[in-house]
Amino acid sequence: MRLRGRKAFITGAAKGIGLSVARAFAAEGAAVALADISEEECKKQSLEIKETCNVEAIGIKCDVADTGSVRNAIAETSEVFDGLDTIACMAATLTERLDVVDLPEDEWNRTLNVNLTGSFLVCKHGIPLLRQGGGGSIILTASQMGQVAWPGSTAYCTTKGGILQLVKGIALDHKDENIRCNSISPGGIATDRLLARWGDMETAEKEWGPKHALGRLGQPDEIAAGAVFLASNESSFMTGTDLLLDGGYTAW
Ligand SMILES: NC(=O)c1ccc[n+]([C@@H]2O[C@H](COP(=O)([O-])OP(=O)(O)OC[C@H]3O[C@@H](n4cnc5c(N)ncnc54)[C@H](O)[C@@H]3O)[C@@H](O)[C@H]2O)c1
């Protein structure tokens, strides 16, 4: 029970990596707020988590690109849990795959708003609560695509590179408040996100798996394990940096 007594707010928690993180945090004893634009799914998943892990779990509507929505969701979480000490930002939108010339400005702005500004907003409104409670851990989600790029994915890659800098800034701004901030960079992970690009998981595994040194896609649980480490005291000497869990994608 490495997170017993912790109170966590997790975005993008309706499915995929965010849901795995919520389940892993709860299995380690944390109270979890599952926040996502898919409120219904979060509520359903939170009930399951509550039953399985015997912890407090709530599902909450939160659009990370909307200041009011973020503020309300965090305030509600803190009220129900009586405080907050852990933030995990996993939400990201799907972006049309187009080169820079063809990418509509609106699509660029929407991608930055959700993936990058969304993490900023959650931190902006969450950090005062962490501070009040005496500190905590923040985990943002970057990507191997924060370090290398992929054709037609400039907006996405830009947001992920931005996350790597955002964690450094937050870590330094709040270093004297017992608040640590790090990111996780997954490689290709078998979630619905890949279906938009590859059509089906079999094709994703066949086409993209071999681009990883380990020769396969990762599983959401393999990223959640890293998030548990970053949330727990095991990572007590780690802040302002990135945990690269990319199956060796960037090692070539
Ligand atoms: N799957 C991968 O291969 C991979 C690789 C590297 C990084 N990542 C990153 O990991 C994170 C999770 O990825 P995933 O594969 O689980 O994605 P996913 O698409 O399966 O799930 C993303 C979740 O974010 C939610 N979301 C989208 N817009 C939102 C908004 N405005 N406000 C709140 N929630 C919103 C969606 O509803 C969904 O539940 C993302 O940040 C992604 O960029 C994923």
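Refer to the preceding data block for the structure.
Okay, so let's go over this structure. No experiment lies behind these values; they were computed from the predicted model shown.

**Examining the packing of aromatic side chains**
Counted under the stated rule, the structure contains 3 aromatic pairs. Judged by centre distance (6.2 Å) and plane angle (70 degrees), the ring pair of Trp150 and Trp208 falls under edge-to-face. Here the residue Trp150 occupies a position in the loop between strand 5 (136-141) and helix 5 (154-173), and Trp208 occupies one in helix 7 (residues 201-208), the gap between them amounting to 58 residues. A relative accessible area of 4% places Trp208 in the buried class.

**Regarding the site of the ligand**
Taken together, 28 residues surround the ligand, and among them Ile17, Asp36, Tyr156, Ile189 and Thr191 come closest. Within the backbone of Ile17, an N or O atom sits 2.8 Å from an oxygen atom of the ligand. Residue Arg193 places a side-chain N or O atom 3.0 Å away from an oxygen atom belonging to the ligand. Summarising the interface, the protein chains cover 94% of the accessible area of the ligand, which totals 830 Å² for the free molecule. Where the shell around the ligand is concerned, the elements lending two or more residues are helix 1 (16-27), helix 5 and helix 6 (193-198). Residues that form the shell around the ligand fall into these classes: 14 nonpolar, 9 polar and 5 charged.

**Some words on the pairing of strand 4 (residues 86-89)**
Residues of strand 4 alternate between two faces, with Thr86 and Ala88 on one and Ile87 and Cys89 on the opposite face, all of them buried. Note that strand 1 (residues 7-11) and strand 4 share 4 bridges and pair parallel. Paired with Ala8 across the bridge in strand 4 is Thr86. Strand direction decides the pairing type here: strand 4 and strand 5, joined by 4 bridges, are parallel.

**Describing helix 4 (residues 105-132)**
Here helix 4 contains 28 residues, and its C-alpha end-to-end distance of 39 Å stays within 8% of the 40 Å for a straight helix at 1.5 Å per residue. Residue Thr117 marks the point of greatest curvature in helix 4, where the axis turns by about 45 degrees. Remark: Gly134 follows helix 4 within two positions and exhibits a positive phi of approximately 95 degrees.

**Let's talk about the pairing of strand 1**
Among the 5 residues that make up strand 1, 4 are buried, leaving the element largely enclosed by the rest of the structure. When strand 1 meets strand 2 (residues 31-36), the two strands line up parallel, connected through 5 bridges. Bridged to Ala8 within strand 2 is Val32. As for the winding sense of the linkage, the β-α-β connection from strand 1 through helix 1 to strand 2 is right-handed.

**Some words on the packing of helix 1 against helix 2 (residues 39-53)**
Two elements in contact, helix 1 and helix 2, have axes separated by 10 Å at closest approach and are oriented at 25 degrees. Taken together, the axes of helix 1 and helix 2 lie roughly parallel to each other. The handedness of the crossing between helix 1 and helix 2 is right-handed. Of the residues in helix 2, those touching helix 1 at Leu19, Ala22, Arg23, Ala26 and Ala27 are Gln45, Glu48, Ile49 and Cys53.

About the thresholds
Residues numbered from 1 in each chain as written. Predicted model: local features only at pLDDT ≥ 70, side-chain atom pairs only at ≥ 80, totals over all residues. Heavy atoms only, no water. Phe/Tyr/Trp six-rings, centres within 6.5 Å; stacked < 30°, edge-to-face > 60°. Helix = DSSP H or I, 4+ residues; strand = E, 2+ residues; numbered from the N terminus. Buried < 20%, exposed > 50% of the residue type's maximum accessible area, 1.4 Å probe, protein only. Near = heavy atom within 4 Å. Polar contact = N/O pair within 3.5 Å; in protein donor to acceptor, adjacent residues only side chain to side chain. Areas by Shrake-Rupley, 256 points an atom, 1.4 Å probe, with all protein chains shown as cover. Nonpolar A, V, L, I, M, F, W, Y, C, P; charged D, E, K, R; others polar. Pairing = 2+ DSSP bridges. Expected span 1.5 Å × (residues − 1). Bend = angle between axes of the 7 residues up to and from the residue. Right-handed = clockwise from strand over helix to strand, strands pointing away. Axes fitted to C-alpha atoms, helices over the stretch in contact; angles between N-to-C directions. Parallel < 35°, antiparallel > 145°, perpendicular 65-115°, else oblique. Left-handed = near helix turned anticlockwise from the far one by under 90°. Contact = heavy atoms within 4.5 Å.

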